[in-house]
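Residue-level structural notes
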Amino acid sequence: MITGQRISHFEILDKLGEGGMGVVYKARDLDLNRFVALKMLPSGVGADPSRRARFLQEAQAASALNHPNIVTVYEIFREGGNEFIAMEYLDGKTLGDLIGPRGLKIEEALRLGEQIATALAAAHGAGIVHRDLKPANVMVTGLGLAKVLDFGLAKLTETGPEDATLTEAGTVMGTLAYMSPEQAEGRKVDWRSDIFSFGTLLYEMVTGRRAFDGDGRVQTLAAVLEKEPATPGDAVPRELQRLIARCMKKKAGERSQSMVDVKHALEELRAEIASGAMSGVHAAVPLKKASRWPLAAAAVVVLAVGGIWMMSGRKTEAVIYKPVPFTSYPGLEQDPALSPDGKFVAFSWNGPNQDNFDIYVRRVGPGEPLRLTQSPGPDRFPAWSPNGDMVAFFRGGTTELRGVFVIPALGGTERRVSRGGGTLTLSVTWTPDGKALLLGSAHWFTLLQVETGEESRLAVPIRRTSHFHVTNPAFSPDGRELAFVVSDSVEGDSIHIVGWSAGGKVEGTDRVVTTGRSGAYLSLAWSADGKSIFIADSQGGIPKPFRLRANGDAVPELMAGLGEHITDISASGTRLVYSNRIQDLDLWRMEIGGGKFGPVAQFLKSTRSEGSPKFSPDGKEIAFISDRSGEAELWVANADGSNLRQLTKAAPVFGLSWSPDSLELLYRAIPSKGTALFRIRSQGGSPRQIGPSGVQMGRWLPDGKTIVYTAAPGSDTYRLYKIDAEGKGAPEVIEGSEQGGADINAWFLSADGRDIWRTIMPLRIGEAPVIGLIRHRLPNGEPVVLAAKNGVGAYSFESEGVYFVAVDSDVLQYCRYSDNKVTDIATLPERFLRGGRTRFTVSPDGKTVIFSKADETISDLYLVEGVSK
């Protein structure tokens, strides 16, 4: 018994289960401070080479499949003669335990079936066949997410000849009742074997009984090879019965030939049922909302032929919402706001030419949008007055344009309420009495009187001690409470609720509804009864919609059916509108020579986003951040794009810094609450936390023995610290009072530690606030503005100097740290490097530029009817 012991960087807490392929323990990852399920070969089996090989293959197959519906494998290692796999610790129930004697409701079976089909489609696309799909190898989490487990019998279809695989011809491996005829006979199998198994799984989900069963192994095998299952019954739609039968054809060539096609068929069936158009079944009845399982429920791991999962509580069902497109215009539609009566939607759109954001209003139903504003400045954050007569909004741009305005809801003359020159406005909300606007921007809300333009600070009693700002205020339907987001880059985001008096004042202390990682909560809206809050939550890397109870006594419930990439939510009555924004960033490459750029070529591409590239000091590798696994993780590739590999599998990653010897990377991540610095070898391995939690960007000094980072413990002033690269000793302050307003993610310290270069925002150059490039002598030297007279549009700090592109410029320039000399490098062929969010890197020899560019950005609005009160 190893409970209480430490294995590698894991503390063993409890034994959770044991089966033919492994023993599972609950453990704590001491490096990342999280629970994991730690699996090892049972005693006496580790010496068996074939069993060990299958065990290793399970880890390799599962770790290659980074997918939301497949259990995440963090790492594999060997210690004390045993192999271990560390994977995510999941709370939920197995599909086998959720399927009752009468099966699942049709809607629930289709919803879960879609997710399982999506997972298998991803596996088949990677050349992996599961070979042991069954209810016991699918877990459903408390939020209704299906996770496919146990790739211990998976066969990598592209590894070579059949006799080189671990499951040779003539060997029957798997669970008889769910295996395909070809697998049962020991013949060679491909992805179509999983399609058969999926059919048996779906059959059991809708009927509550196995498709093939017998009194023993021989009888079960005979049923798989020779018999047809009983008809599911009239309660199952005929179209679904035909799909199940097509999946379970005895001959592989007669089955559905792709899990992608099966998934699409399930989606269509679910849509038809939801609309009431499905024959052979009544119109869908909404399922009960997911509820939090009792905290006292014991977590149990079920292990079957190497599969593991966590179990707790009771059966969870979820409402399945059906969104319909509200806009599908070219360009970007965002910031939707439903009118108080729910009949109109105000939103910002950059127009048919994608040239500038203006405010539009459109009636729910057929019709064209009405354009309310036509200013050259970008108009954002429309908000309806409580009586529905006016729309308030914020306009950015130059000081002349900038301000907060109101305009009649169906068109008319706009009126500036405030110039807002000193306010970085992030949200606009009317107070319940319709007399004032609440602007979110900093440590407080600004209360702006609509008639007089008078502004006052409205402090909120939140319990925070470090850098944060408040935004997204939303008043409850009765006007007696105010919910808002506290965005904190150090401690993580949280949603708070405070009382609101009729006189326009905050009452009482705040109630923390839920907490998350930095940048987790993108928007929020109240339900009509004031008991729930809808939120867009990006804790998983990809924003998704959730519903949570305003009293804070339940975990957020996934709003199934609305999809992902959701950035804004607005609700009125039983109607909800949201924006769906998808951006595909890819890495591109340009060569520099003779003052010009060479041809632009794609470097790395996926259907997800790749950004923040960084050359290694020796120029041989590129590190970057990608969410292709569903989370913002750290990836590395050779400088020519080969040998692509994922280094982290833990939490969203921010900010990269190479060690001087090009062997390790330093990055910032948020494994739980707060941020921390970690170092990891570029060839892979376990990350190690360096320094305390609650820190920001870190960098290695040229000696390779010291790491410098920024943090703001207990105050709103960031300071510069240094610490031994091995984490030994206490951090030492090397800058007593950093200049305020700095972009803490963008700075570079000189080799002698005397000067620091950084970007600062906002820096006022001319009329508008811009990103400035500054240098100052430590510890308290006066900042000197460098290089760009009109501000910096994009920049890249390298070892000897900083590359940058000035605002309204097409020239890449270089400022050398040693003497501040600025040199023009080349004229850009296109304005790829423009914009403050652009990230690029230049090779050490100064000949190659790698940068991220949006291949496609889509943002449309969707409407949801029948959101329960």
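Residues numbered from 1 in each chain as written. Predicted model: local features only at pLDDT ≥ 70, side-chain atom pairs only at ≥ 80, totals over all residues. Heavy atoms only, no water.

The helix and strand inventory of the protein stands at eight helices and 59 strands. Within the protein, buried positions represent 56% of all 869 residues. When contacts within the protein are restricted to residue pairs at least 6 apart in sequence, those whose partners lie at least 24 apart make up 50%. A total of about 35000 Å² of accessible surface is found on the protein, and carbon and sulfur atoms cover 49% of it. (Helix = DSSP H or I, 4+ residues; strand = E, 2+ residues; numbered from the N terminus. Buried < 20%, exposed > 50% of the residue type's maximum accessible area, 1.4 Å probe, protein only. Contact = heavy atoms within 4.5 Å. Areas by Shrake-Rupley, 256 points an atom, 1.4 Å probe, with all protein chains shown as cover.)

We now examine the pairing of strand β21 (residues 403-408). Burial of β21 is extensive: five of the six residues sit out of reach of the surface. In this structure, strand β20 (residues 390-395) lies alongside β21, joined through six bridges in antiparallel fashion. Along β21, the bridge assignment pairs Arg395 with Gly403. In this sheet, strand β22 (residues 415-418) lies alongside β21 in antiparallel orientation, the contact comprising three bridges. Residue pairing in the sheet places Val406 in a bridge with Arg415 of β22. Where β21 folds back onto β22 in an antiparallel hairpin, the turn is made up of six residues, including Gly411, whose phi is positive at roughly 105 degrees. (Pairing = 2+ DSSP bridges.)

To continue, consider the sheet that holds strand β30 (residues 506-515). Ordered in space as β27-β28-β29-β30, the four strands form an open sheet in which the pairing is antiparallel. Either end of the sheet is taken by a strand with one partner, and the two such strands are β27 (469-475) and β30. If you compare each strand with its neighbour and ignore which way they point, the axes differ by 25 degrees on average. Two strands pair when backbone bridges link them, and β27 and strand β28 (residues 481-487) are joined in this way by five bridges, in the antiparallel orientation. Directly across from Ala474, in β28, lies its bridge partner Ala483. (Axes fitted to C-alpha atoms, helices over the stretch in contact; angles between N-to-C directions.)

Every buried residue belonging to helix α6 (residues 217-226) is among Thr220, Ala223 and Val224, and all of these are buried. Buried residues of α6, seen end-on, are gathered within an arc of 95 degrees and therefore sit on one face of the element. Exposed residues on α6 whose side chains face more than 90 degrees from its buried face are Val218 and Glu226. In this fold, the buried residues of α6 make contact with α4 (181-184). (Arc of directions from axis to C-beta.)

Either a parallel or an antiparallel arrangement is found when strands of a sheet pair, and the pairing is made through backbone hydrogen bonds. Ordered by their spatial adjacency, four strands build an open sheet running β19-β20-β21-β22, and the pairing between neighbours is antiparallel. Taken across any chain shown, the strands that pair with only one partner, and hence form the sheet edges, are β19 (379-384) and β22. When the angles between neighbouring strand axes are averaged without regard to direction, this sheet yields 30 degrees.

This paragraph deals with the pattern of salt bridges. Inspection of every chain in the model, using the stated rule, returns 22 salt bridges. Between Arg192 and Asp190 there is a salt bridge whose closest N-O contact spans 2.9 Å. In this structure, Glu414 and Arg395 form a salt bridge, with 2.8 Å as the shortest nitrogen-oxygen distance. With Glu414 in the loop between β21 and β22 and Arg395 in strand β20, this residue pair connects regions lying 19 residues apart in the sequence. (Salt bridge = Lys/Arg side-chain N within 4 Å of Asp/Glu carboxyl O.)

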